[in-house]
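Tertiary structure, described
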Amino acid sequence: MPVHNVEIAQALNKLADLLEIEGANAFRVRAYRNAAHLVESLPRSVADMVAANEDLSELPGIGEALARKLKEIVETGHLAALEQEEKHVPAALSDLMKIPGLGPRRVHELFEKLKITDLASLEHAVRAGKFQTLDGFGEKTEARIREYLDRKTQTPPRMLLVTAEQVVESLLKNLRGVKGVKRVVPAGSFRRRRETVGDVDILATCADSAEIMRRFVGYEDVTEVISHGKTRSSVILRSGLHVDLRVVPEESYGAALHYFTGSKAHNIAIRARGVKAGLKINEYGVFRGEARVGGAKEDEVYAAVQLPYIEPELREDRGEIEAAEKGRLPKLVTLENIRGDLQSHSTATDGRADIAEMARAAGRLGYEYLAITDHSKHMTMVHGLNATRLARQIREIDRLNKQLSGFRILKSIEVDILENGELDLADDILKELDVVVGAVHFLFTLSREKQTERIMRAMDNPCFHILAHPSGRLIGERDAYEVDLERLLHAAKERGCFLELNAHPQRLDMNDVYCRMARELGVKVAISTDSHSPLSLDFMRLGVGQARRGWLEKDDVLNTRSWEAARKLFRKS
Ligand code: DGT
Ligand code: CA
Ligand code: CA
Ligand code: ZN
């Protein structure tokens, strides 16, 4: 059973938390956190890299010592350093670090003074009014903790789609190997390509349903069996992910796939249409009275209610049924339609591969172009480019392009939008570029009005082409900043700019709702991976998933075009 990246990241983060609570060296803590972050966003499994005997210390920020630790987790499933640490500090204290307003020092104090060791004892202490006895813990802190505890009990955690994909991959493979199995297919929000999933719903058909259920609940990655039945079982995996498996007869497969793909709202609307037509539609099939009239194939469900097939990504009851009725369903963009990537970084700033390597990787994906959009000088931590270094990069790209045929590296930049809406580099250098991508990387707390104005001023600059990650959100980590995206879309339309759908699994920004708004307004969307390594170019498929949820067709996406054709859509600067 291979260890998943998410588990490695969990172990490293936990170690960082416990060290920090103990007051360890900040650099050491930082190193573990960075490593956790890297592993989590790595599109390849560390376990595979270890199996292939690859040198992990080649990963950015991973030295010899960290590489050994990664290997240790992969090979033993344990991290001795963490186990050592857990002898000093209660492991569950790391859960407290996620609470806004509670840093390591305060968590340490809660442990020392109130003997708080986990969320339960924290909740108890808050209820018993023990906080008032502590210095420096004001009412504000207490209110934030209460709010966090309330929210936590109300909303169960969701997992990033990309993480769930990594986690269930080997489970699916294992189930597909069971004797008598015909199909093993993930349904639910996973199939609808939602950015996060609450749980994963797997549907199977199998001659021996007892056997596939036995294999499922006995799978190595399972830590808890919630239920074990003949047609339905439910388990929790080591990563915390819940997985449901349902086994259905072949004649019900289509109806069950439809039912368990959801969304619930879509199902209810389809079922209501069925009722009007005198049909009963459920997970077992389509029935007229007692007679089965369909359900072996998914499109039979739609055909029964006089509709064409509706793609899973559209099934949210957001007008897809009406559109299907009128024959106006979008013909959704596919990964095969993508011809280039308009955001990526190189070693000149915070990328891990040089320009030539990035270009080769993009070429291997069949792309015709890749924009190198390194950061601009305001991003001092990553050694952002000033005009001189950018000019040098421009010459380097010209030189590289001469050696390439059928592929073009685009000269570009991810230029910071400054507080007043000016761009971080002067127009005379920006004019030399093929594409100018502008981004907000600081001052996330401006008012909605000011933030929107700031970005609109940036778009006023005729050099500006694409607004990167327009809302700034990091799923599960940081909310979007306050900004009026609808106004920005109008502004982009007026000025001939584009908005990005950043395909990084934690960003997926713009989200589906705004992608759809962009389409309705006629603003083209650039789906870009923002890759910091050749491997992450692969995240394009997640961006395309989100674009499909946003009803985007090939034509709505800027980079489904050849570079020549895309460039014709650019404003004249
Ligand atoms: P999630 O897991 O929160 O990310 O979202 P889903 O959509 O995967 O929801 P889940 O796992 O609760 O259920 C899977 C599918 O089963 C759901 O998309 C539609 C179907 N379903 C669940 N409950 C109901 C229900 O009460 N009525 C109908 N018509 N369908 C349901
Ligand atoms: Ca689900
Ligand atoms: Ca479920
Ligand atoms: Zn950025």
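Conventions and cut-offs
Sequence order as written defines the numbering, with residues in each chain counted from 1. Each chain gets a letter, beginning with A, and each ligand a number, beginning with 1, in the order they are written. Two thresholds apply to this predicted model, a pLDDT of at least 70 for residue-level local features and 80 or more for giving and counting side-chain atom pairs, whereas whole-chain, interface and lining totals are computed over all residues. Side-chain descriptors were evaluated using all non-hydrogen atoms of the structure, hydrogens and water having been removed beforehand. Any N, O or S atom lying within 2.8 Å of the metal counts as a donor, with the limit raised to 3.2 Å for Na, K and Ca; because water is left out of the atom set, some sites can appear incomplete. Here a strand is any run of E in DSSP of at least two residues, a helix any run of H or I of at least four, and the numbering for each starts at the N terminus. For the purposes of this description, domain bounds are those given by an automatic or database domain assignment. Contacts are assigned to residue pairs with any non-hydrogen atoms lying within 4.5 Å of each other. Two parts placed together each lose some accessible area under a 1.4 Å probe, and the buried area is that loss summed for both. We count a salt bridge whenever a side-chain nitrogen from Lys or Arg sits within 4 Å of a carboxyl oxygen from Asp or Glu. The span one expects for a helix is its residue count, reduced by one, times 1.5 Å. Throughout, near means a residue has at least one heavy atom within 4 Å of the molecule or strand. Any pair of nitrogen or oxygen atoms within 3.5 Å is treated as a polar contact; in protein, a donor-acceptor pairing is required on top of that, and neighbouring residues in sequence qualify only through side-chain atoms on both sides. Gly counts as polar in this scheme, as do all residues outside two lists: the nonpolar Ala, Val, Leu, Ile, Met, Phe, Trp, Tyr, Cys and Pro, and the charged Asp, Glu, Lys and Arg. Burial classes follow relative accessibility: with a 1.4 Å probe on protein chains only, a residue under 20% of its type's maximum area counts as buried, one over 50% as exposed, and anything between as partly exposed. Note on geometry labels: four donors, all angles 85 to 135 degrees, give tetrahedral; four donors become square planar and six octahedral when opposite donors are over 155 degrees apart and every other angle is between 65 and 115; remaining cases are irregular. We call two strands paired when DSSP finds no fewer than two bridges between them. Angles here are taken between N-to-C directions and fall from 0 to 180 degrees, while the axes themselves are lines fitted to C-alpha atoms, restricted in helices to the stretch in contact.

Looking at the coordination of the calcium ion (ligand 3)
The calcium ion (ligand 3) binds to the protein through D199 (OD), D199 (OD), D201 (OD) and D244 (OD), with metal-donor distances spanning 2.2 to 2.9 Å. Of note, the donors binding the calcium ion (ligand 3) are all from one chain and are spaced D-x1-D-x42-D. Between the calcium ion (ligand 3) and the calcium ion (ligand 2), the interatomic distance is 3.7 Å, and D199 donates to each metal, bridging them. Separated by 45 residues along the polypeptide, D199 in the loop between β3 (196-197) and β4 (200-206) and D244 in strand β7 (residues 242-247) bring together distant segments of the chain.

A closer look at the domain arrangement of the protein chain
You'll often see interface size given as the accessible area lost when the parts meet. Under the domain assignment used here, the protein chain contains domain 1 (5-154), domain 2 (159-247), domain 3 (252-325) and domain 4 (335-567). Look at where the C-alpha atoms of domain 2 and domain 3 centre, and you get two points 23 Å apart. On the domain 3 side, the residues contacting the 12 residues of domain 2 number 13 residues. Buried surface at the junction of domain 2 and domain 3, summed over both partners, amounts to about 1100 Å²; 63% is from carbon and sulfur atoms. For the domain 2 face of the interface with domain 3, the top three residues by lost area are R191, R192 and L203, together amounting to 59%. Here domain 2 is connected to domain 3 by 2 salt bridges. The residue R192 makes a salt bridge to E316 at a minimum N-O spacing of 2.9 Å. Broken down by secondary-structure element, the contributors of at least two residues to the side of domain 2 that touches domain 3 are β2 (181-186), α11 (188-191) and β4.

A few points about helix α1 (residues 5-22)
Helix length check: α1 (18 residues) gives 26 Å between terminal C-alpha atoms against 26 Å at 1.5 Å per residue, within 8%. After α1 finishes, the residue G23 shows a positive phi value of roughly 85 degrees.

Overview of the site of ligand 1
In the region of ligand 1, 16 residues are neighbours, and R158, S189, R192, G198 and D199 sit closest. At 3.1 Å, a side-chain N or O of D201 approaches an oxygen atom of ligand 1. Of all the elements in the fold, those that place two or more residues in the shell around ligand 1 are α11, α13 (253-261) and α14 (264-276). Here the shell around ligand 1 is built from residues that sort into 3 nonpolar, 7 polar and 6 charged. Shared between two domains, the shell around ligand 1 holds at least three residues of each, these being domain 2 (159-247) and domain 3 (252-325).

Thoughts on α13
In terms of residue burial, α13 counts as a mostly covered element, since 8 of its 9 residues are buried. Those residues of α13 lying buried are Y253, G254, A255, A256, L257, H258, F260 and T261. G262 sits one or two positions beyond α13 and adopts a positive phi of about 70 degrees.

With respect to the coordination of the calcium ion (ligand 2)
For the calcium ion (ligand 2), the protein coordination sphere consists of D199 (O), D199 (OD) and D201 (OD), at 2.1 to 2.7 Å. If you look at the calcium ion (ligand 2), its 6 donor atoms make angles of 69 to 164 degrees with each other, and the shape they trace is irregular. The class of D199 is partly exposed, set by a relative accessible area of 23%.

A few points about the sheet that holds strand β10 (residues 291-294)
Strand order in the open sheet made by the 3 strands is β8-β9-β10, with antiparallel pairing throughout. Where the open sheet ends on each side, the last strands, each with one partner, are β8 (280-282) and β10. With direction set aside, neighbouring strand axes in the sheet form an average angle of 35 degrees. Where β8 meets strand β9 (residues 285-288), 3 bridges bridge the pair, whose relative direction is antiparallel.

Description of the sheet that holds strand β16 (residues 498-502)
Read from one edge to the other, the open sheet built from 7 strands follows the order β11-β12-β13-β14-β15-β16-β17, with strand pairing classed as parallel. What marks the edges here is a single partner per strand, and that holds for β11 (340-341) and β17 (525-528). Strand contacts of helix α23 (residues 540-549): β11, β16 and β17, with the helix running at about 145 degrees to β17, the strand carrying the most contacts.

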